[in-house]
Amino acid sequence: MAPPNPFASVRWIWKNGELVEFEKATVHVLSHALHYGSGVFEGIRCYKTRQGPAILRLPEHLQRLALSAKVYRMELPFSLAEIGAAISETISANGFDSCYIRPLIFRGLGTMGVNPLRSPVEVVIATYPWGRYLGEDAQNAGVDACVSSWRRPSSSTLPSMAKATGNYLNSQLIKMEAVQNGYAEGIALDAGGYVSEGSGENIFLVAGGTLLTPPLSASLLPGITRDAVITLAREMGYSVLEQVVPRGLLYTCDELFFTGTAAEITPVRSVDRQPVGAGVPGEVTRRLLAEFNGLVSGEIRDRHGWLTPLTPVTAAGSRKAPRRVESAPTLVEAAAAAGPGAPD
Ligand code: PMP
């Protein structure tokens, strides 16, 4: 049976300052990003809480988006406040009370050379319903993972701290290998052979009551859920160490779990067919999951201010485009100014 289409209920997508209908949210085939991976993006979740829809850690996601853009020298045509407001507007226009949010900043139609600086920077925001990333029962039962034969690129090759579209070719290799071999997810090692992260999640181990997670030097994305889990675990009295994790610990630890916006907290019950602990989610993982789920549903008080409610839609209506901070050249202007460029 074909999986349900998550886009069936999406009516509006925000594109360069205005809401456009789903079918009209298109790009030119010669957009730089399509050829050279020149895009940066975020994955954010809006949760249905008792107090209404709320976006989890919106300022942190916007900040990371800005840093990713900075690495690739992309000048943002909108302020972070404008992008934040546009996210709210897009969710409201689609009438979602919970959804996944995908802002993407990319280089559009300009020149066909590798040099990206002569292609205009475009911004889109999509929102769509999304359930449990690693399977509906993943939080209860845990998932089976493998160690990937693919390594994460070293930080002198591609900076993993930037959430760039091009990085996800590596993630795709990890994910395809895992799924084709019957696993839900692959765990990649870094260039030095130490544990890095999953194809789209950070990883935590529990050993002797202590939580361990690889450091940023292990070619991983500094996850915002990773940060939330470190904070919650310390509040609960656990010690958390960011330290180099040798592969062997994956087989000897008591508990293992992934963290990420899509994966939330997902227990791992086996690695390379070896059960983790007793082969079922352990106590520390379950306690953290309960705390996390309580917070994002609004049942536990949001003591850290991690939930941002949607901004109310103004009486003027939600279809009004926010002001552009600095107008980007039109596609034709950009292409004309840049000349044909050398194909690469
Ligand atoms: N690593 C990678 C490669 C990811 O794609 C993600 C998902 N954004 C994460 C880690 C987790 O990051 P976050 O908790 O901020 O979603």
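Higher on the page you've got the structure.
Residues numbered from 1 in each chain as written. Predicted model: local features only at pLDDT ≥ 70, side-chain atom pairs only at ≥ 80, totals over all residues. Heavy atoms only, no water.

**Digging into the overall build of the protein**
In step 1: When helices and strands are tallied, the protein shows 9 helices and 17 strands.
In step 2: Out of the 344 residues belonging to the protein, those deemed buried represent 50%.
In step 3: The contacts of the protein with a sequence gap of at least 6 include a subset with a gap of at least 24, amounting to 72%.
In step 4: Roughly 15700 Å² of accessible area belongs to the protein as shown, and the carbon and sulfur atoms make up 57% of that amount. (Helix = DSSP H or I, 4+ residues; strand = E, 2+ residues; numbered from the N terminus. Buried < 20%, exposed > 50% of the residue type's maximum accessible area, 1.4 Å probe, protein only. Contact = heavy atoms within 4.5 Å. Areas by Shrake-Rupley, 256 points an atom, 1.4 Å probe, with all protein chains shown as cover.)

**So, the site of the ligand**
In step 1: Taken together, 16 residues lie around the ligand, and Tyr-168, Glu-197, Ile-224, Thr-225 and Thr-261 are the ones closest in.
In step 2: One nitrogen or oxygen atom from the main chain of Ile-224 is found 2.7 Å from an oxygen atom belonging to the ligand.
In step 3: Side-chain polar atom of Thr-225 to an oxygen atom of the ligand: 2.6 Å apart, as the coordinates give it. (Near = heavy atom within 4 Å. Polar contact = N/O pair within 3.5 Å; in protein donor to acceptor, adjacent residues only side chain to side chain.)

**Quick notes on the packing of helix α6 (residues 224-235) against helix α8 (residues 283-296)**
In step 1: Two numbers describe how α6 lies on α8: the axes approach to 11 Å, and their chain directions differ by 110°. Regarding the angle of α6 to α8, the classification is roughly perpendicular. The two elements α6 and α8 meet at a crossing, and its hand is right-handed. For the pair α6 and α8, contact is made by Thr-225, Val-229, Leu-232 and Ala-233 and by Leu-288, Glu-291, Phe-292 and Leu-295, respectively.
In step 2: Each residue belonging to the contact of α6 with α8 can be placed in one class, and the counts come to 6 nonpolar, 1 polar and 1 charged. (Axes fitted to C-alpha atoms, helices over the stretch in contact; angles between N-to-C directions. Parallel < 35°, antiparallel > 145°, perpendicular 65-115°, else oblique. Left-handed = near helix turned anticlockwise from the far one by under 90°. Nonpolar A, V, L, I, M, F, W, Y, C, P; charged D, E, K, R; others polar.)

**Section: the packing of helix α2 (residues 58-71) against helix α3 (residues 80-94)**
In step 1: Contact geometry for α2 and α3: axes closest at 10 Å, N-to-C directions at 125°. Accordingly, the angle class assigned to the pair α2 and α3 is oblique. For the pair α2 and α3, the sense of crossing is right-handed. Where α2 approaches α3, its residues Leu-58, Leu-62, Gln-63 and Ala-66 are matched on the opposing element by Leu-80, Ile-83, Gly-84 and Ile-87.
In step 2: Classifying every residue of the contact of α2 with α3 by side-chain character gives 6 nonpolar, 2 polar and no charged.

**Side note on unusual backbone geometry**
In step 1: Although it is not a glycine, Arg-57 sits at a positive phi angle of roughly 55°.
In step 2: Inspection of the secondary structure assignment puts Arg-57 in the loop between β5 (52-56) and α2.
In step 3: In this model, Asp-272 sits at a positive phi of 55°, which is unusual for a non-glycine residue.
In step 4: The topology assignment puts Asp-272 in the loop between β15 (264-271) and β16 (274-275).

**Structural notes on the pattern of salt bridges**
In step 1: Going through the model one piece at a time under the given rule, you end up with 12 salt bridges.
In step 2: The salt bridge involving Asp-272 is made with Arg-247; its shortest N-O contact spans 3.3 Å. Residue Asp-272 is located in the loop between β15 and β16, and its partner Arg-247 is located in the loop between β13 (240-242) and α7 (249-252); the two are separated by 25 residues in the primary sequence.
In step 3: The class of Asp-272 is partly exposed, set by a relative accessible area of 23%.
In step 4: Classification of Arg-247 by relative accessible area gives partly exposed; the value is 36%.
In step 5: Residue Glu-291 is joined to Arg-303 by a salt bridge in which the shortest nitrogen-to-oxygen separation is 2.9 Å. One end of the pair, Glu-291, is in helix α8; the other, Arg-303, is in the loop between α8 and β17 (307-309), with 12 residues separating them in the sequence.
In step 6: For Glu-291, a relative accessible area of 16% corresponds to the buried category.
In step 7: Of the residues examined, Arg-303 reaches a relative accessible area of 32% and is grouped as partly exposed.
In step 8: It is possible to trace a salt-bridge network through shared partners that takes in Arg-45, Arg-132 and Glu-264. (Salt bridge = Lys/Arg side-chain N within 4 Å of Asp/Glu carboxyl O.)

**Re the packing of aromatic side chains**
Each pair of aromatic rings is reported with the distance of its centres and the angle of its planes.
In step 1: Going through the model one piece at a time under the given rule, you end up with 9 aromatic pairs.
In step 2: When the ring of Tyr-100 is compared with that of Tyr-128, the centres are 5.6 Å apart and the planes differ by 45°; the resulting orientation is tilted. Of the two residues, Tyr-100 is situated in strand β6 (residues 99-107) and Tyr-128 in strand β7 (residues 121-128); the sequence distance between them amounts to 28 residues. Of the two residues, Tyr-100 and Tyr-128, neither departs from the other in class, the shared state being buried.
In step 3: An aromatic cluster is present here, built from Phe-7, Phe-22, Tyr-100, Tyr-128, Trp-130 and Tyr-133 joined pairwise through their rings.
In step 4: The ring centre of Tyr-183 lies 4.3 Å from the NZ or CZ of Arg-273, which sits over that ring. (Phe/Tyr/Trp six-rings, centres within 6.5 Å; stacked < 30°, edge-to-face > 60°. Lys NZ or Arg CZ within 6 Å of the ring centre and 35° of its normal.)

**Re the pairing of strand β4 (residues 44-49)**
In step 1: Where burial is concerned, most of β4 is hidden: 5 out of the 6 residues are buried.
In step 2: Relative to β6, β4 runs antiparallel, the two being bridged by 3 bridges. Bridge pairing in β6 places Ile-44 opposite Ile-101.
In step 3: Across 4 bridges, β4 lies against β5 in antiparallel orientation. Within the sheet, the bridge partner assigned to Tyr-47 lies in β5 and is Ala-54. (Pairing = 2+ DSSP bridges.)

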